[in-house]
Amino acid sequence: MKQKLPILLKKWLNTIKEIQGDSGRNSDQVTRLTSIKSLCKDRQPSQHFALHIAKRVWESMESNPDNRFDETEWQAHKAIVTQAIAQMEAEIE
């Protein structure tokens, strides 16, 4: 399963990249989203995928601060995401 897991994750991550770069072809998006929904079938790939997404969110937050929040509020939001990632990592291990 350990060799299969990275292959599945790479496939799903590629699907996400395709969705992000899609020019609005809704039928293709439905097919791609169906691929992502297949993550729900197995707990371990789901956990790894969710962790990857959470880390990507944190990276985005780190590089693109949201100007709607003052610095204290933004740091609080980042702290929540950091805690969530730590909890997800602990659950996976």
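Scoring rules and cut-offs
What you see as residue numbers is a count from 1 along each chain, following the sequence as written. Local features in a predicted model are, by the rule used here, given only for residues with pLDDT of at least 70; side-chain atom pairs are given and counted only at 80 or more, and totals for whole chains, interfaces and linings are based on all residues. Hydrogens and waters are ignored; side-chain quantities use all the structure's heavy atoms. Nonpolar cores were defined as sets of buried Ala, Val, Leu, Ile, Met, Phe, Trp, Tyr and Cys residues, with membership established by side-chain atoms within 4.5 Å. Relative accessible area decides the class of each residue, using a 1.4 Å probe on protein chains only: under 20% of the type maximum gives buried, over 50% gives exposed, and in between gives partly exposed. Here a strand is any run of E in DSSP of at least two residues, a helix any run of H or I of at least four, and the numbering for each starts at the N terminus. Every residue pair with non-hydrogen atoms within 4.5 Å of one another is taken to be in contact. Scored from 0 to 100, pLDDT reflects the predictor's confidence in each residue.

## Some details on the nonpolar core
Now for step 1: Counting residues in each nonpolar core, the largest one holds six residues, listed as Leu51, Ala54, Met61, Trp74, Val81 and Ile85.
Now for step 2: Contributions of two or more residues to this core are made by α3 (43-63) and α4 (71-92).
Now for step 3: Among all residues touching Ile85, those that are not within four sequence positions of it are Leu51, Ala54, Lys55 and Trp58.

## Quick look at the confidence of the model for the protein
Now for step 1: Mean pLDDT over the protein: 77, with 67% of residues reaching 70 or higher.
Now for step 2: Mean pLDDT in the protein bottoms out at helix α2 (residues 26-37), which sits at 60, and peaks at α4, which reaches 92.

## Things to note about the side chain of Lys78
Now for step 1: Looking at where Lys78 falls in the secondary structure, it is placed in helix α4.
Now for step 2: Setting aside residues up to four positions removed in sequence, Lys78 forms contacts with Trp58, Met61 and Glu62.

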